[in-house]
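Inside the fold
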Amino acid sequence: MDAPAHRHRRWRHTRRRAIAEILGTVLMVGLTLVAGVLLWSFRIYTPPAPPDVSFAIRSGGSNPVWGDPTDCQPRGAWSYPLSSGALSAWQSAWWKQCYPPYVTGNFSILNSSEIIISQVSSTNLLLSNVIFTFVCNNASGPTTLVQGTLDSMSWFPGSTSAPAANAPLLGYCGNFDAGGFGGGAYGTLYNRLGMFVPLSQNSPYLEVGDTFILYIHNGGWPLDYECVAGLYYCPGGSLTPTMDTDDYHGAPPWCFTDMSACTIYLTYSGNPQTTLATIPVYSLAPPTGA
C-alpha cells in the first residue's frame, strides 16, 4: 500500500511543477509583449525639416498688362479721336477682347522679369502658405508695397475674370503712395505690380514651372482707353486715349538704383515657418530711367 501512495504523491508534485512552468512561460510571453508594445510606442519626436525651394530668374522680358483692361485697345487699326461711326464697333470689340477673362486685344506692354520655380523639396506646399512681400527701404524705415499669399495673387490670363476675395492692394514704397492715384491709399490692386501665374490652374500646391511676373516701371505710362470704352467721360469729349496716370504700373525705378533699395521676400507660413527666398529687386533688371 505504501508504494502506490508514494507514486501518487510524486505525480501530484510533478503536475504542480509542470503547471508552474506553464504559468511562468505565459508570464514571460506576457512581459515580452508588454515590453514590445512599450518599445514600439516610444518614439523620439523629430521636428519636420523646413521646405526648400529653388528659383530661376528671367530678366529683360516684357508682358502685356493683362490685369488692367483699361490699358487695352481692340485689334486693328484705329485712328483717334474715334469718329462717331467707329465708336460703336470699337466699344463692342473692346468688351470682347480686353475685358476679363478675354485677353486677345492689344494690351499695353511693360518691361518685366520673371521669378520661376525650378525645384520644390515637397509636393504639398500650399500656395496659401507661401507669402510674397515687396519691401522698400528708405531713411525713414521699411515700407511694404504689397504683401499677399500666392493663391491670392494668382491670375490666369484668358480665364481669370476677377481677383480673389483676399487679393492684396498696393501700399507705399518709401514715401510714394502706389495706391493713391486710384482714390486714396491702398486703392490699386496688386496686378499693377505683378501677378502669380501657376502652371496648373486646378492645383493648390506650389509646382515646378509656377511663375511670378514682376512688371518693371520703364519710366513712362501706358495708354488708358477707359474713357474711350465709355467707362467714364473722356477729357474734352475727344474719345482719345490718355496717359494712365491714375494707377501705377510696375516696380518703381528707384528700386534699381541700389542693391538694398527694395527686396522681395518669399516666406512659408506652415510648419516649420521659414524664409524661402530673399531677392534684391535690383538684381531682377538693369537700372531704368525715372
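Above this text is the structure in question.
Bear in mind the structure is a predicted one, so any value in this text is a computation, not a measurement.

The subject of this paragraph is the overall build of the protein chain. Of regular secondary structure, the protein chain possesses two helices and 14 strands. Accessible surface for the protein chain amounts to roughly 15500 Å². Of this, 59% is attributable to carbon and sulfur atoms.

It is worth spelling out the pattern of salt bridges at this point. Tallied over the full model, the rule gives two salt bridges. We note a salt bridge from Arg-58 to Glu-114, for which the minimum N-O separation is 3.0 Å. Separated by 56 residues along the polypeptide, Arg-58 in strand S1 (residues 53-64) and Glu-114 in strand S4 (residues 109-120) bring together distant segments of the chain. Given the relative accessible area of 15%, Glu-114 is considered buried. In this structure, Asp-68 and Arg-192 form a salt bridge, with 3.4 Å as the shortest nitrogen-oxygen distance. Placement of the pair is Asp-68 in the loop between S1 and strand S2 (72-73) and Arg-192 in the loop between strand S8 (176-177) and strand S9 (194-197), with a sequence separation of 124 residues. The class for Arg-192 is buried, based on a relative accessible area of 13%.

This part is about unusual backbone geometry. The residue after Tyr-80, namely Pro-81, is reached through a cis peptide bond having omega 0°. On the secondary structure map, Pro-81 appears in the loop between S2 and helix H2 (84-97). The residue after Pro-100, namely Pro-101, is reached through a cis peptide bond having omega 10°. At Leu-239, a residue that is not glycine, the phi angle is positive and equals roughly 55°.

A separate point is H2. Given a rise of 1.5 Å per residue, 14 residues ought to cover 20 Å, and the 20 Å separating the end C-alpha atoms of H2 matches this to within 8%. For H2, every residue scored as buried is listed here: Leu-87, Trp-90, Ala-93, Trp-94 and Gln-97. Considered in projection along H2, the buried side chains sweep an arc of 140° and stay on one side of the axis. Across H2 from its buried face, at more than 90 degrees, point the exposed residues Ser-84, Gly-85, Ser-88 and Lys-96.

A separate point is the side chain of Thr-70. Take Thr-70: it is sitting in the loop between S1 and S2. Within the structure, Thr-70 has its side chain in polar contact with the side chain of Asp-68 (distance 2.5 Å). A polar atom in the side chain of Thr-70 sits 3.5 Å from the side chain of Asp-71. When neighbours within four sequence positions are excluded, Thr-70 is seen to be in contact with Leu-223, Asp-224, Tyr-225, Glu-226 and Asp-244.

Time to look at a nonpolar patch on the surface. On the surface, a cluster of nonpolar side chains totalling about 370 Å² of accessible area is made up of Trp-95, Tyr-99, Leu-231 and Tyr-232. Looking at where Leu-231 falls in the secondary structure, it is placed in the loop between strand S11 (223-224) and strand S12 (242-243). The class for Leu-231 is partly exposed, based on a relative accessible area of 38%.

Moving on: the sheet that holds S4. Sheet architecture is open: four strands sit in the order S1-S4-S10-S9, paired in antiparallel fashion. In this open sheet, the two strands that pair with only one neighbour each are S1 and S9. Averaged over all pairs of adjacent strands, the angle between strand axes in this sheet comes to 20°, irrespective of strand direction. Here four bridges tie S9 to strand S10 (residues 211-216), and the two strands are oriented antiparallel to one another. The partner of Phe-196 across the bridge, within S10, is Phe-212.

Moving on, we come to the pairing of strand S5 (residues 130-138). Two strands pair when backbone bridges link them, and S5 and strand S13 (residues 262-268) are joined in this way by seven bridges, in the antiparallel orientation. Directly across from Val-135, in S13, lies its bridge partner Thr-263. As defined by bridge partners, S5 adjoins strand S6 (residues 141-149) across eight bridges and the pair is classed as antiparallel. Along S6, the bridge assignment pairs Asn-138 with Gly-141.

This next bit is on the packing of aromatic side chains. Summed over the entire model, instances satisfying the criterion amount to seven aromatic pairs. When the centroid spacing of 4.9 Å and the interplanar angle of 85° are considered together, the rings of Trp-94 and Trp-95 count as edge-to-face. On the accessibility criterion, Trp-94 (0% relative accessible area) is buried. Assessed through its relative accessible area of 39%, Trp-95 is described here as partly exposed. With a centroid separation of 4.1 Å and 15° between ring planes, the pair formed by Phe-132 and Phe-212 is classed as stacked. With Phe-132 in strand S5 and Phe-212 in strand S10, this pair connects stretches of sequence that are 80 residues apart.

Parameters and conventions
Position numbers for residues start from 1 in each chain and track the written sequence from start to end. Predicted model: local features are reported for residues with pLDDT of at least 70 only, side-chain atom pairs are reported and counted for 80 or more only, and whole-chain, interface and lining totals are derived from all residues. Based on all heavy atoms of the structure, the side-chain values leave hydrogens and waters out of the count. The helix and strand labels rest on DSSP assignments: H or I over at least four residues marks a helix, E over at least two residues marks a strand, and numbering proceeds from the N terminus. Method for areas: the Shrake-Rupley scheme with a 1.4 Å probe, in which residue coverage is limited to the protein chains shown. Counted as salt bridges are all cases of a side-chain nitrogen of Lys or Arg within 4 Å of a carboxyl oxygen of Asp or Glu. Relative accessibility decides the category of a residue: with a 1.4 Å probe and only protein chains considered, values under 20% of the type maximum give buried, values over 50% give exposed, and everything between is partly exposed. By definition here, a helix of n residues has an expected span of 1.5 Å times n minus one. When we speak of the arc, we mean the arc of directions from the helix axis to the C-beta atoms. Here a polar contact means two N or O atoms within 3.5 Å. Within protein one must be a hydrogen donor candidate and the other an acceptor candidate, and residues neighboring in sequence count only if both atoms are side-chain atoms. Residue contacts are defined here by distance: any two heavy atoms, one from each residue, within 4.5 Å place the two residues in contact. Patch membership requires more than 30% relative accessible area and the absence of a salt bridge. Residues of like charge join within 9 Å; the nonpolar side chains Val, Leu, Ile, Met, Phe, Trp and Tyr join within 5 Å. Strands are treated as partners if at least two bridges between them are detected by DSSP. In this description, a line fitted to the C-alpha atoms serves as the axis of each element, helices being fitted only across the stretch in contact, and the angle between N-to-C directions of two axes falls anywhere from 0 to 180 degrees. Here a pair means two rings of Phe, Tyr or Trp (six-membered ring of Trp) with centres within 6.5 Å. Their orientation is stacked below 30 degrees between planes, edge-to-face above 60, and tilted elsewhere.

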